[in-house]
Structures are given as C-alpha cells and as structure tokens.
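# Analysis of the macromolecular model
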Amino acid sequence: RGPYPWGREDKELLEWYKKITALRNGSDVFKKGDWSLLWANGDVYAYLRTLGSSKAAVFINRSKEKPAAVNIEQNMMGPGKWTEAISGQEIILQGEGTVSIELPPFRGLVYNLIPLG
C-alpha cells in the first residue's frame, strides 16, 4: 500500500468517486439495465442504460486537453426532462431534432430521465 498518498489524497477526486459509486448503487438502471451505444468517436463516447421506463445517459470525454461536443438525435435518448446527476443541470428533450452535450476535457456527465407528463 506504499504508493497510496496517505494523508495527501485528492479530496475532490475522492468525493467524485463517492458520488458516482452512490449513483450506481442507488439505481437499478446502472446495475441491471440494458446498454446501448449513443456515440463513439476517438476519446469521446456516450451510452444509454434502460430498465423499464428508467433511463440514464452517460457521456465521457477521455481527452486531457480537448473539449468535445456530442451531437445525437433526441429520439435516441427519448423525450423528457434529463437531469445531470452531479450538477443538477437539466435539459428538456421533445424527441425530435438533435441535442448537443458539451464535455470539458477529461470529464463525464450522467443524465437521468424524468418523463414528461
């Protein structure tokens, strides 16, 4: 256990891991849901998890230097209010046209669906 930075941990990184671990553990869509690819291009990819009416969309930019935009057809995700799990940012999709998700370098976003109605 020598390489671990005991007493010098990156607290922001540890908090992020705690949040995404709790997100996975608290949601069956991440544990049991079907997986489908939304986008893949170089260091950027996105996928959708679906379990019944529950949906989650995950967007990842692995580039350490370049921001990225993922442009996908709204019908690939489905209509509804999508809420980003960490920041709380919301996007409303009507199911037609495209949506652009902006990703800073070395960043991931997780959106959960809240159906319209």
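Look a little higher up for the structure.
The following refers to the structure shown. (Residues numbered from 1 in each chain as written. Predicted model: local features only at pLDDT ≥ 70, side-chain atom pairs only at ≥ 80, totals over all residues. Heavy atoms only, no water.)

## Here's the deal with the packing of aromatic side chains
- Inspection of every chain in the model, using the stated rule, returns four aromatic pairs.
- Look at Trp16 and Tyr17: their rings are 5.0 Å apart centre to centre, the planes differ by 80°, and that puts the pair in the edge-to-face class.
- The exposure class assigned to Trp16 is partly exposed, which follows from its relative accessible area of 35%.
- Of the residues examined, Tyr17 reaches a relative accessible area of 46% and is grouped as partly exposed.
- Here the basic side chain of Lys64 rests over the ring of Phe106, its NZ or CZ set 5.7 Å away from the ring centre. (Phe/Tyr/Trp six-rings, centres within 6.5 Å; stacked < 30°, edge-to-face > 60°. Buried < 20%, exposed > 50% of the residue type's maximum accessible area, 1.4 Å probe, protein only. Lys NZ or Arg CZ within 6 Å of the ring centre and 35° of its normal.)

## Thoughts on helix H1 (residues 11-25)
- Here H1 spans 21 Å end to end across 15 residues, near enough to the 21 Å set by a 1.5 Å rise per residue.
- By the N-cap criterion, in which a side-chain oxygen at the helix start approaches the backbone nitrogen of a residue two or three places on, H1 is capped by Asp10, the distance to Glu12 being 3.2 Å. (Helix = DSSP H or I, 4+ residues; strand = E, 2+ residues; numbered from the N terminus. Expected span 1.5 Å × (residues − 1). Polar contact = N/O pair within 3.5 Å; in protein donor to acceptor, adjacent residues only side chain to side chain.)

## Digging into the pattern of salt bridges
- Per the counting criterion, the structure on display carries four salt bridges.
- Of the charged contacts in the structure, one is a salt bridge between Lys31 and Asp28, with a shortest N-O distance of 3.9 Å. Here Lys31 and its partner Asp28 are both found in helix H2 (residues 28-32), three residues apart, which amounts to about one turn of the helix. (Salt bridge = Lys/Arg side-chain N within 4 Å of Asp/Glu carboxyl O.)

## What about a nonpolar patch on the surface?
- Judged by side-chain polarity, Leu13, Trp16, Tyr17 and Ile86 come together as a nonpolar surface patch covering roughly 380 Å² of accessible area.
- Relative to the helices and strands, Leu13 resides in helix H1.
- Take Leu13: its relative accessible area is 43%, and that puts it in the partly exposed class. (Patch = residues over 30% accessible without salt bridge, like charges linked within 9 Å, V, L, I, M, F, W, Y side chains within 5 Å. Areas by Shrake-Rupley, 256 points an atom, 1.4 Å probe, with all protein chains shown as cover.)

## Digging into the sheet that holds strand S1 (residues 34-41)
- Read from one edge to the other, the open sheet built from six strands follows the order S1-S2-S3-S8-S5-S6, with strand pairing classed as antiparallel. Only two strands of the sheet have a single neighbouring strand rather than two, namely S1 and strand S6 (90-93). Taking the axes of each pair of neighbouring strands and ignoring which way they run, one obtains an average angle of 20° across the sheet.
- With six bridges connecting them, strand S3 (residues 54-61) and strand S8 (residues 107-114) associate as antiparallel partners. Each residue of the ladder has a partner; that of Phe59, found in S8, is Leu109. (Pairing = 2+ DSSP bridges. Axes fitted to C-alpha atoms, helices over the stretch in contact; angles between N-to-C directions.)

## Quick look at the pairing of strand S2 (residues 44-51)
- As judged from the seven bridges shared by S1 and S2, these two strands associate in the antiparallel manner. If you follow Ala40 over to S2, its bridge partner there is Tyr45.
- In this antiparallel pair of consecutive strands, S1 and S2, the connection spans two residues, and Gly42 shows a positive phi of 65°.
- In this sheet, S3 lies alongside S2 in antiparallel orientation, the contact comprising eight bridges. Within the sheet, the bridge partner assigned to Leu51 lies in S3 and is Ser54.

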